[in-house]
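A closer look at the structure
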Amino acid sequence: MLPADTLAGRVAVITGGSSGLGLAMARCFASLGASLVLAARNAERLERAAKELEASGAPVLAVPMDVRDPAQVDELLARTLERFQRLDILVNNAAGNFVCPAHELSVNGWNAVINIVLNGTFYCSRAVGRHWIEKRQPGTILNIIATYAWHGGPGTVHSAAAKAGVLAMTRTLAVEWAPYGIRVNAIAPGPIDKTGGAEQLWATPEAAERLRSAIPLGRFGEPEEVAHAAAYLVSDYASYMTGECLVIDGGLWLGRNLFVERTPKRK
Ligand code: NAP
């Protein structure tokens, strides 16, 4: 358990902070003393999330915006600085995803996901990185990717390709920006319950059971299990860590291609 003042005085921008993993990270960062900026498109959902966090005592700014538009990204940064006069943490979490065989995927479908995940992550990182470099201020970026960035994702070629790009971006910016005191890391979550990902990717009980039975730890992850790791990575406790990707997937990707039967669950 991280101390309650781990993120005291820090301001964190979380894209896609209105639901799923983004909201879980926002709750966790708020409980550790951070002020929050939540960015997403749907203003109503964003307001609901902001109200909930404010009720817990956290200072919150909700900014309806689309990460695909660099002008709206600049506006997000400007509004953050206007409200809090500083920015310390950027979490690139916003994403869209759906299952579709590659040969049936439309150009629009491909572009939508590449624009949100790959381009949106770059626009946000560039805007915030420039600001920190100009101000000679340290900062930390956390990118939320997925393990199919390296093992591939049949049915999600758009998202797998975009996440692979974000992993390469994580490692590239970590080295380019290390001299400025900027750390850049990633988390690759496995299947996490109670998220938009769960609704999109394993919507039926059959699909959920097929996936669950392949997870060595035998269950889906909880959003809080990702949020706690995220809080550690953006905190000073991870001050010597950059360019790294932390996998939180119950052993799923390592457990692919088993040649033996899974060890039965302990009673
Ligand atoms: P989610 O509940 O669907 O949340 C996605 C968030 O992104 C929403 O707040 C959404 O709000 C926002 N968003 C989408 N498009 C946007 C845009 N163009 N501009 C700004 N905001 C946008 O997703 P999740 O399942 O928690 O996933 C969060 C992250 O974890 C994603 O990067 C995902 O790829 C990754 N991940 C999730 C899982 C999982 O099991 N859930 C597994 C591996 C990786 P609006 O629609 O209002 O814009």
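Scoring rules and cut-offs
- Residues numbered from 1 in each chain as written.
- Predicted model: local features only at pLDDT ≥ 70, side-chain atom pairs only at ≥ 80, totals over all residues.
- Heavy atoms only, no water.
- Pairing = 2+ DSSP bridges.
- Helix = DSSP H or I, 4+ residues; strand = E, 2+ residues; numbered from the N terminus.
- Axes fitted to C-alpha atoms, helices over the stretch in contact; angles between N-to-C directions.
- Contact = heavy atoms within 4.5 Å.
- Near = heavy atom within 4 Å.
- Polar contact = N/O pair within 3.5 Å; in protein donor to acceptor, adjacent residues only side chain to side chain.
- Areas by Shrake-Rupley, 256 points an atom, 1.4 Å probe, with all protein chains shown as cover.
- Nonpolar A, V, L, I, M, F, W, Y, C, P; charged D, E, K, R; others polar.
- Core = buried A, V, L, I, M, F, W, Y, C linked by side-chain atoms within 4.5 Å.
- Buried < 20%, exposed > 50% of the residue type's maximum accessible area, 1.4 Å probe, protein only.
- Expected span 1.5 Å × (residues − 1).
- Phe/Tyr/Trp six-rings, centres within 6.5 Å; stacked < 30°, edge-to-face > 60°.
- Parallel < 35°, antiparallel > 145°, perpendicular 65-115°, else oblique.
- Left-handed = near helix turned anticlockwise from the far one by under 90°.

Quick notes on the sheet that holds strand 1 (residues 11-15)
In a beta sheet, neighbouring strands pair by backbone hydrogen bonds and run either parallel or antiparallel. Overall, parallel pairing links the seven strands, which are arranged 3-2-1-4-5-6-7 in an open sheet. The sheet is open, and its two edges are formed by strand 3 (60-64) and strand 7 (245-248), each paired on a single side. Put simply, the sheet's adjacent strands are angled 15° from each other on average, direction ignored. Of the strands in this sheet, strand 1, strand 2 (35-40), strand 4 (89-92), strand 5 (139-144) and strand 6 (182-189) touch helix 1 (residues 20-31), which is tilted by about 170° from strand 1. Its contacts with the sheet place helix 3 (residues 70-84) against strand 1, strand 2 and strand 3, and it is angled at close to 160° to strand 3.

Concerning the site of the ligand
Inspection of the region around the ligand gives 29 residues, with L21, R41, I192, T195 and G197 positioned closest. Here an oxygen atom of the ligand sits 3.1 Å away from a polar atom, N or O, in the side chain of S19. One nitrogen or oxygen atom from the main chain of V67 is found 3.0 Å from a nitrogen atom belonging to the ligand. When the ligand sits alone it has 890 Å² of accessible area, and the protein chains cover 90% of it. Put simply, the parts of the chain that give the shell around the ligand at least two residues each are helix 1 and helix 7 (196-201). By residue class, the composition of the shell around the ligand is 14 nonpolar, 10 polar and five charged.

A short note on the nonpolar core
One broad trend across soluble globular proteins is that nonpolar side chains are buried collectively. Counting residues in each nonpolar core, the largest one holds 39 residues, and the members touching the most others are M25, F29, L36 and I187. When residues of this core are traced back to their parent elements, those giving at least two are strand 1, helix 1, strand 2, helix 2 (43-55), strand 3, strand 4, strand 5 and helix 9 (223-234). Among the elements that line this core, the one with the most residues is helix 1, at eight residues. In terms of nonpolar packing, the next biggest core, distinct from the first, is built from 28 residues, V13, A39, M65 and C124 among them.

Thoughts on helix 4 (residues 107-135)
Given a rise of 1.5 Å per residue, 29 residues ought to cover 42 Å, and the 40 Å separating the end C-alpha atoms of helix 4 matches this to within 8%. Phi for R136, located one or two positions after helix 4, is positive at around 50°.

Quick word on the packing of aromatic side chains
In this structure the tally under the stated criterion is two aromatic pairs. Between the aromatic rings of W150 and W253, the centroid separation amounts to 5.5 Å while the plane-to-plane angle is 80°, which identifies the pairing as edge-to-face. With W150 in helix 5 (residues 148-151) and W253 in the segment after strand 7, this residue pair connects regions lying 103 residues apart in the sequence. Given a relative accessible area of 33%, W150 falls into the partly exposed group.

A word on the packing of helix 4 against helix 6 (residues 157-177)
Between helix 4 and helix 6, the shortest axis-to-axis distance is 8 Å and the interhelical angle comes to 15°. Our classification of the angle between helix 4 and helix 6 gives roughly parallel. As helix 4 packs across helix 6, the resulting crossing turns out to be right-handed. Where helix 4 abuts helix 6, its residues G109, W110, V113, I114, V117, L118, T121, F122, S125, R126, G129 and I133 lie against V157, H158, S159, A161, A162, K163, G165, V166, M169, L173 and W177. For the contact of helix 4 with helix 6, the class distribution of residues is 14 nonpolar, seven polar and two charged.

Observations concerning the side chain of T121
Relative to the helices and strands, T121 is located in helix 4. Side-chain polar atoms of T121 contact the backbone oxygen of V117, separated by 2.5 Å. Non-local contacts of T121, meaning those with residues more than four positions away in its chain, are made with N92, I116, N143, V166 and M169.

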